[in-house]
Amino acid sequence: MGKLLKIVLSIFAAVTLTIIIAAIVLPFLIDPNDFKPEIESVAKKYTGRHISIEGDLELSVFPWLGLSTGKISLSNATGFGDASFAVIEESNIKVKLIPLLSKKVEVNRIVLKGLSLNLEKNKHGTTNWDDLIHQKDKKQESVKQPATETPAAEKDQSESLPVIAALAIGGISIENAHILWNDRQAGKQVELKAFNLKTDSLAFDEPIGIDLSVTMLSKKPEISEKILFNTDFFLNKELDNFSLKDMKLETVTFGDNIPGGEIKSRLSAEIALDLTKQLLKITGLQARVGNLDLSADLKGKNILDNPIVEGPVKISEFKLREFLEQLGVTVPAMQDSKALNSLSVQLNLTATQNSAGIKNLIVMLDDTQLKGSVEINYFVKRA
């Protein structure tokens, strides 16, 4: 028994030593840049587009099997100009080598730097990525099994394929991305600049920290908006239960049409979504726009089939005149200069796709109190 154990350990040590030696030697023997023409050819075959690899490719083997790239660009669709559809200035992805032997995939942080996307729709409603979708459909059609093959045979074939037992990603980083959306059919153009996204390790049933920052520019209307977003995102293995914990959204909007040149807003909430039970829960909702503060706790049911959202909503007392002036609304002259000084609202909201109801409405405007209810039974008739 002892002799057999020594033999097994010797074989294991030899295999391990071979892997380590290969990991050290291979990067010196293999230059991934020699395979650029083959990579570009395969990409052309599967996308119908030309891929240009301008930067150097760097290969690592142990303990991470990885590839780092310099600048890579993907050509645009025919009829959409000479500008590239997508450009990546630098990327990095690594997969841990040893776990692959047990069908586990452990991916290090995926890093994309200087990503640039040029998204466009022409006047006929065709986008510059439609051909990529159709190209994918053609490839899937070409690899379909013959009609004579039985479902049982297909099942046996699928069971014979290697199955990845686990997938772990150490996070995603997108640094300084630029996305341009030009809708020539609607005459709208939106530009996202300084887009930065960073996530924690991606795992089921565990909090995934998400931090996002971006500046959005719009032509019609001509405004710019700085956006900061962060939350802890939860997702279960069945992909039917989501939640956002400690979600915070802050925006600053700039524009010549905005009174004072800018307006600040922030939103925080806890959101839970159960697709199986079709339930939505929004708790601790706090929103602030200018000097207006809104709070709510909302519940939704039948959110996929026939959504109904209900719950209490409160607008805390605020200075109405000041708020209207922030929005650029001219307040008419009043006999009492203190009129329109304060406003607060409380209500219970019930909303569906086609109707809305407000019950237990209490409005306090200065020294005047208003109570009542409002119902809109059918949005289409606007009554």
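Residues numbered from 1 in each chain as written. Predicted model: local features only at pLDDT ≥ 70, side-chain atom pairs only at ≥ 80, totals over all residues. Heavy atoms only, no water.

1. Notes on the overall build of the protein
The line we're drawing: Secondary structure follows DSSP: runs of H or I at least 4 residues long count as helices, runs of E at least 2 residues long count as strands, and numbering of each begins at the N terminus. Residue exposure (1.4 Å probe, protein chains only): buried if accessible area is under 20% of the type maximum, exposed if over 50%, otherwise partly exposed. Any two residues whose heavy atoms approach within 4.5 Å at even a single point are treated as in contact. For every accessible area listed, the method is Shrake-Rupley and the probe measures 1.4 Å; residues are considered covered only by the protein chains on display.
Each helix and strand in the protein was counted, giving 6 helices and 22 strands. With 383 residues in all, the protein has 27% of them scored as buried. For the protein, long-range pairs separated by at least 24 residues make up 45% of all intrachain contacts whose partners lie at least 6 apart in sequence. Carbon and sulfur atoms make up 58% of the accessible area of the protein, which amounts to about 25200 Å² in all.

2. As for the packing of aromatic side chains
Going by this rule: Between 30 and 60 degrees the pair is tilted, below 30 it is stacked and above 60 it is edge-to-face, where a pair is any two Phe, Tyr or Trp rings, Trp via its six-membered ring, whose centres lie within 6.5 Å.
Summed over all chains, the structure comprises 3 aromatic pairs. Aromatic side chains Trp129 and Trp181 sit 6.0 Å apart centroid to centroid with 50° between the ring planes, which places their arrangement in the tilted category. A residue pair is termed long-range when its members are at least 10 positions apart, and Trp129 in the loop between β9 (116–121) and α4 (130–142) and Trp181 in strand β11 (residues 172–183) qualify at 52 residues. Classification of Trp129 as partly exposed rests on a relative accessible area of 27%.

3. Regarding the pairing of strand β19 (residues 308–319)
In plain terms, the rule: Each pair of strands is called paired provided DSSP finds at least two bridges between the two strands.
The pairing of strand β18 (residues 292–301) with β19 spans 6 bridges and is antiparallel. Across the sheet, the residue bridging to Lys301 is Ile308, located in β19. Between β18 and β19, which pair antiparallel one after the other, the connecting turn spans 6 residues, and Asn302 there sits at a positive phi close to 50°. Note: β19 against strand β20 (residues 342–352), 10 bridges, orientation antiparallel. Of the residues in β20, the one forming a bridge with Gly311 is Leu349.

4. Some details on the environment of Thr276
Put simply, the test is: Counting of polar contacts relies on pairs of N or O atoms within 3.5 Å, with two restrictions inside protein: one atom must be capable of donating a hydrogen and the other of accepting it, and residues adjacent in sequence are counted only when both atoms are side-chain atoms.
Here Thr276 is to be found in the loop between β16 (262–274) and β17 (279–289). A C-alpha to C-alpha distance of 9.8 Å links Thr276 and Leu239, two positions 37 residues apart in sequence. Among the polar contacts made by the side chain of Thr276, one reaches the side chain of Asp240 at a distance of 2.7 Å.

5. Brief notes about unusual backbone geometry
Positive phi, normally seen in glycine, also occurs at Asp205, with a value near 60°. Take Asp205: it is sitting in the loop between β12 (188–199) and β13 (208–218). With a phi close to 60°, Leu239 is a non-glycine residue in the positive phi region. Of note, Leu239 is situated in the loop between β14 (223–235) and β15 (241–254). Take Leu239: its relative accessible area is 48%, and that puts it in the partly exposed class.

6. Some details on the environment of Asn306
By the secondary structure assignment, Asn306 is in the loop between β18 and β19. Note: C-alpha distance between Asn306 and Gln278 (28 residues apart in sequence) is 9.6 Å. Once residues within four sequence positions are removed from consideration, Asn306 is found in contact with Lys301 and Gln353.

7. So, the pattern of salt bridges
The criterion, for reference: Any carboxyl oxygen of Asp or Glu that lies within 4 Å of a side-chain nitrogen of Lys or Arg is treated as forming a salt bridge with it.
For the structure shown, the criterion picks out 4 salt bridges. For the salt bridge of Arg288 with Asp293, the shortest nitrogen-to-oxygen distance reads 2.3 Å. Take Arg288: its relative accessible area is 26%, and that puts it in the partly exposed class.

8. Points about the nonpolar core
The criterion, for reference: Only buried residues count toward a nonpolar core. Its members are Ala, Val, Leu, Ile, Met, Phe, Trp, Tyr and Cys residues joined through side-chain atoms within 4.5 Å.
Judged by nonpolar contacts, the single largest core of 20 residues is most densely connected at Phe318, Leu343 and Val345. Counting residues per element, the ones that place at least two in this core are β15, β17, β18, β19, α6 (320–326), β20 and β21 (356–365).

9. With respect to the side chain of Ser218
Inspection of the secondary structure assignment puts Ser218 in strand β13. With sequence-adjacent residues up to four places away left out, Ser218 is seen in contact with Gln189 and Ile223.

10. Topic: the confidence of the model for the protein
Defined as follows: Residue-level confidence of the predictor is what pLDDT reports, using numbers from 0 through 100.
Across the protein, pLDDT averages 81, with 79% of residues at or above 70. Here residues 152–165 scores under 50 on pLDDT; set against residues more than four positions off or in separate chains, the count is 10 contacts.

11. A few points about the environment of Leu275
Along the chain, the position of Leu275 falls in the loop between β16 and β17. By relative accessible area, which is 27% here, Leu275 ends up partly exposed. Spatially, the C-alpha atoms of Leu275 and Asp240 are 5.1 Å apart, while their sequence positions differ by 35 residues. Other than its neighbours up to four places away in sequence, Leu275 contacts Leu239, Asp240, Phe242 and Leu304.

12. Quick look at the pairing of β21
Here β20 runs beside β21; their pairing, made up of 8 bridges, is antiparallel. Directly across from Gln346, in β21, lies its bridge partner Ile362. Between β20 and β21, which pair antiparallel one after the other, the connecting turn spans 3 residues. As judged from the 8 bridges shared by β21 and strand β22 (residues 368–376), these two strands associate in the antiparallel manner. Residue Leu361 lies in a different strand from β22, and its bridge partner there is Gly372.

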